[in-house]
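Commentary on secondary and tertiary structure
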Amino acid sequence: MKKIILFASATLFFACNSSDKTNENESTFIDPVTAHIDSSISPGENFFLFANNGWFKSHPIPSSEKSNGIFRTIQDTINESIRKICESSSADSKAAKGSNKQKIGDFYFSGMDTTTIEKVGINPLKPLFSKIDEIKNNKDVINTVAYLYTQGIPSTFGFTVTRDEKNAAAYTVYLSQSRLGLPDRDYYFNTDERNTTIKNEYLKHLDAMLNLIGMDKALAKKGSEQIFKLESALAKSSRKMEDLRDPYLNYNKMNIAGVNKLTASIEWKEMLSKLGISNIDSVVVAQPEYFSALEKHLKTFSVDDWKLYLKWNVANRFSEFLNKKIVAQDFNFYATVLDGIKEQRPRWKTIVEETDASLGELIGQVYVEEYLPKGTKEKLLEIGNNIRDVYAEHIKKLDWMSDVTKEKALNKLQKLNMKVGYPDVWKDMSSLDVSRNSFVENGMAVSKWNYGFMIKKYGKPVNKDEWEMYPQTYNAYYDPTMNEIVVPACNIIVPGFEGRMPDDAVLYGIIGGSTFGHEITHGFDDQGSLYDEKGNLSDWWTKEDRQKFEAKTKLIVEQFNNYVVLDSIHVRGENTQGENIADLGGVIMGLEAYRKTKQGQSTELINGYTATQRYFLAYAYAWMVNRTDASLAKQIMSDVHSPAEFRINGPVSDIDEFYKAFNIQPTDKMYRAENIRVKIW
Ligand SMILES: [Zn+2]
């Protein structure tokens, strides 16, 4: 694989510092937008493969990965930087105790120190296991659930402190259905062949893990079956992914007496106080029926069953931090069975990503200082603002929306906060203690710290400076309760454009369309559109406009329901509609912003393609990703995003300009009759 350097000699565009290598780059430059075209496939047959198949043919998925493509390439680039940060921190013996450098260095060191990891084994978890062993009755079960939560080990039900969706200016407590050992509740019930294999393998995994934490063979075998039964009961009481999409149905504010009625075995005032929350009158119960069912499960399952379930939750929470045998067992199920990954990555890669997942806030500070080309934030902001401008123009021109709703939508768009690059204020992690003692102790310390950070929010004003991603996270998000998008700095990376400014088709197809345009549209998708400009769940639509909007979202649901992913597996249109609406909005806004640029208006060919063709090709490059079959199947079962192929072919086949640009005809496979092309934003 070609080594990718993040704008290493970015003199040209970011007025950075190093020498100008433009001429040298010019002679060796291979345009990644057109380099991977497979001309044996026509654009109208499968645009995703037309644009990207050349790359897929020469880049099979490595046996240590679930996918390959542009994301993997970018992540490798980022990992190289993080590795340097980790290794130099680890080598600095003079780093002051408590400094960011010491924490990063020691965390990474402990992860690479496999000798100590083997020696320590599961010892650091033993006090938690002993606590579970002491459980004698239901009351103890509940108290232990609370205690484990305070150690950053969730189980039994979901508990979060977050912004109140009907009063986004304040934090409140949300109680919800629990996460499960399998990625989604449907895994416990589906009876197709693929899922039956997964269930059987999961039972074996539970059995093996119980053995590895010291349980005797007979008990582990029986225990794995009991845990599966208990989790199946919790799963049965949980809503399906599609049913989690309606924020109103997931918002049930109740006083404490109300929650006590749902789960009579739990005295919730006491429970919340044990969880660290006092002075609270009401909470939001996301799925009340889950809590009524929990009452039943607390009685139906024995105390011993609950003890097994809690032990499994502890082991599973920290499995990646433990000894070789446990890591291998965890990998065998979660990576091989679920994602089709055949072998583990080199250890440094795993530990680099683990260190970043735990201490990304600290690593980000060095990353921004030492690895980010100057001008990154400004360039991203410029693109984001241009997208917001065309969005406003676009809303004004919509033919299906009344002026009253338009005004509200424009207000929401104008108030949308764009956090770009990196936080203005970093989280204060000074109270976190990291050492070289053992990797798992560091993992436990971080878990506990994160829990404390969340709990401390309660009763305080909403922290507007908080980021839920790091500058080195190649991703972005829209938060409806903040009405804000967050676009981390590394979104500036476009593989193939090292040392040169990507052209406008690339900037607007990838950063403008698939990032800014996509995230802004989340503010107006099936869910985001239910929140107002302040982040509150409130109906700002006229009834008629809302009906028209919902008719349009139905069309996109139908469109995606028809896409076949793998043998009998289809995309779940309902489940993925928010993402599909965001993709469609993103491509359209990116194109409109691009058309305001000189290149976007040019009639000259670029590497043999028109300006508009190049835009769509660049967008397709943004999703040049292929996955193992297992990983695709898992994505459909547990993810709200459509597979990459349909994130390209879906939206472009709704856009008239695409038809014109590539002369798509009714006989082409991608062709959708004009009356069913979805036009929302
Ligand atoms: Zn999205």
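Residues numbered from 1 in each chain as written. Predicted model: local features only at pLDDT ≥ 70, side-chain atom pairs only at ≥ 80, totals over all residues. Heavy atoms only, no water.

As a further point, take the coordination of the zinc ion. At 2.0 to 2.1 Å from the zinc ion lie its protein donor atoms, namely His518 (NE2), His522 (NE2) and Glu579 (OE). By relative accessible area, which is 9% here, His522 ends up buried. A relative accessible area of 11% means that Glu579 is categorised as buried. (Donors = N, O, S within 2.8 Å, 3.2 Å for Na, K, Ca; no water. Buried < 20%, exposed > 50% of the residue type's maximum accessible area, 1.4 Å probe, protein only.)

With that settled, consider helix H5 (residues 100-112). With 13 residues, H5 should reach 18 Å at 1.5 Å per residue; the first-to-last C-alpha distance of 18 Å fits that figure. Buried within H5 are the following residues: Gln102, Lys103, Ile104, Gly105, Asp106, Phe107, Tyr108, Ser110 and Gly111. Where H5 is buried, its residues contact helix H4 (70-91), helix H6 (114-120), helix H16 (347-370) and helix H19 (439-455). (Helix = DSSP H or I, 4+ residues; strand = E, 2+ residues; numbered from the N terminus. Expected span 1.5 Å × (residues − 1). Contact = heavy atoms within 4.5 Å.)

Okay, the domain arrangement of the protein next. Domain parsing of the protein yields domain 1 (11-60 + 494-676) and domain 2 (137-317). On a C-alpha basis, the centroid separation for the pair domain 1 and domain 2 is 37 Å. Opposite the 24 residues of domain 1 that make contact, domain 2 presents 19 residues. When domain 1 packs against domain 2, the two sides together hide about 1,700 Å² of surface, and 52% of this comes from carbon and sulfur. Between domain 1 and domain 2 we count 3 salt bridges in total. Among the ionic pairs, Asp567 bridges to Arg194, the shortest N-O distance being 3.2 Å. The tally of links between domain 1 and domain 2 comes to 9 residue pairs in polar contact (both at pLDDT 80 or more). Of all the secondary-structure elements, those providing two or more residues to the side of domain 1 that touches domain 2 are helix H22 (573-594) and helix H25 (629-638). (Domains from an automatic or database assignment. Buried area = accessible area lost by both parts, 1.4 Å probe. Salt bridge = Lys/Arg side-chain N within 4 Å of Asp/Glu carboxyl O. Polar contact = N/O pair within 3.5 Å; in protein donor to acceptor, adjacent residues only side chain to side chain.)

So, about the pattern of salt bridges. A side chain with one charge can pair with a side chain of the opposite charge if their charged atoms come near. Taken as a whole, this structure holds 41 salt bridges when the rule is applied. Note that Asp433 is salt-bridged to Lys97, the shortest N-O span being 3.1 Å. Of this pair, Asp433 sits in the loop between strand E6 (417-421) and H19 while Lys97 is found in the loop between H4 and H5, placing the two residues 336 residues apart along the sequence. Under the relative-accessibility criterion, Lys97 is labelled exposed at 58%. Close ionic contact of Asp656 with Arg677 constitutes a salt bridge, the shortest N to O distance being 2.9 Å. Of this pair, Asp656 sits in helix H27 (residues 656-662) while Arg677 sits in the segment after H27, and the two are 21 residues apart along the sequence. When its relative accessible area of 27% is taken as the criterion, Asp656 is described as partly exposed. Residue Arg677 is classed as buried on the basis of its relative accessible area of 8%.

A positive phi angle is found at Thr156, which is not glycine, with a value near 70°. Within the fold, Thr156 resides in the loop between helix H8 (138-150) and strand E2 (158-164). Non-glycine residue Asn279 carries a positive phi angle of around 55°. Mapping Asn279 onto the fold places it in the loop between helix H12 (268-275) and strand E5 (282-285). Residue classification places Asn279 among the exposed positions, given a relative accessible area of 74%.

So, on to empty space enclosed by the protein. Counted under the stated rule, the structure contains 6 cavities of 30 Å³ or more. A volume near 50 Å³ is recorded for the largest cavity. As for the largest cavity, its lining consists of Lys139, Ile142, Asn143, Ile266, Glu267, Glu270, Met271 and Lys274. Contributing elements (two or more residues each) for the lining of the largest cavity: H8 and H12. Here the residues of the lining of the largest cavity are counted per class, giving 3 nonpolar, 1 polar and 4 charged. For the second largest cavity, the calculated volume is near 40 Å³. (1 Å grid on protein atoms, 1.4 Å probe; cavity = no way out; pocket = protein on both sides within 12 Å on 5 of 7 lines; lining within 4 Å. Points joined across faces, edges and corners; volume = space filled by probe spheres on them. Nonpolar A, V, L, I, M, F, W, Y, C, P; charged D, E, K, R; others polar.)

Now for the environment of Asp525. Structurally, Asp525 can be placed in the loop between helix H20 (504-522) and helix H21 (543-561). Distance from Asp525 to Lys299, taken between C-alpha atoms, is 41 Å for residues 226 residues apart in sequence. Non-local contacts of Asp525, meaning those with residues more than four positions away in its chain, are made with Phe549, Gly578 and Ile581. Here Gln527 takes part through its backbone nitrogen, which lies 2.8 Å from a polar atom of the side chain of Asp525.

End to end, H21 covers 27 Å across 19 residues, agreeing with the expected 27 Å (1.5 Å per residue, within 8%). Looking at H21, one finds that the buried residues are Asp545, Arg546, Phe549, Lys552, Thr553, Ile556, Val557, Gln559 and Phe560. For H21, the arc enclosing every buried residue in end-on projection is 160°, short of the 170-degree limit, so these residues lie on one face. Exposed side chains of H21 directed beyond 90 degrees from the buried face belong to Lys543, Glu544 and Lys554. Here the buried face of H21 lies against helix H18 (403-415), H22 and helix H26 (644-652). (Arc of directions from axis to C-beta.)

This brings us to the sheet that holds E6. With mixed pairing, the 3 strands of this open sheet are ordered in space as E6-E8-E7. Only two strands of the sheet have a single partner each, and these edge strands are E6 and strand E7 (477-479). If you compare each strand with its neighbour and ignore which way they point, the axes differ by 15° on average. Where E7 lies against strand E8 (residues 484-488), 3 bridges are found, and the strand directions are antiparallel. (Pairing = 2+ DSSP bridges. Axes fitted to C-alpha atoms, helices over the stretch in contact; angles between N-to-C directions.)

Taking strand neighbours across the sheet as the criterion, the 4 strands line up as E2-E3-E5-E4 in an open arrangement whose pairing is mixed. Across the chains shown, the open sheet's two edge strands, defined by having one partner strand only, are E2 and strand E4 (253-255). Neighbour to neighbour, the strand axes of the sheet diverge by 40° on average, direction disregarded. Sheet topology note: the E2/strand E3 (residues 167-176) ladder contains 7 bridges and is antiparallel.

Looking now at the packing of aromatic side chains. On inspection of all chains with the given rule, the structure shows 49 aromatic pairs. With 6.4 Å between their ring centres and 20° between their planes, Trp400 and Trp541 make a pair best called stacked. A residue pair is termed long-range when its members are at least 10 positions apart, and Trp400 in the loop between helix H17 (376-397) and H18 and Trp541 in the loop between H20 and H21 qualify at 141 residues. With a centroid separation of 4.8 Å and 20° between ring planes, the pair formed by Tyr563 and Phe646 is classed as stacked. Within this pair, whereas Tyr563 is found in the loop between H21 and strand E9 (564-566), its partner Phe646 is found in helix H26, the two being separated by 83 residues in sequence. Considered together, Tyr563 and Phe646 belong to a single accessibility category, that of buried residues. One aromatic cluster is present, built from ring pairs that chain together Phe47, Phe50, Tyr594, Tyr615, Phe616, Phe658, Tyr659, Phe662 and Tyr671. The ring of Phe524 is capped by Lys412, whose NZ or CZ atom sits 5.5 Å from the centre of that ring. Over the ring of Phe29 we find Arg500, and its NZ or CZ is 3.8 Å from the ring centre. (Phe/Tyr/Trp six-rings, centres within 6.5 Å; stacked < 30°, edge-to-face > 60°. Lys NZ or Arg CZ within 6 Å of the ring centre and 35° of its normal.)

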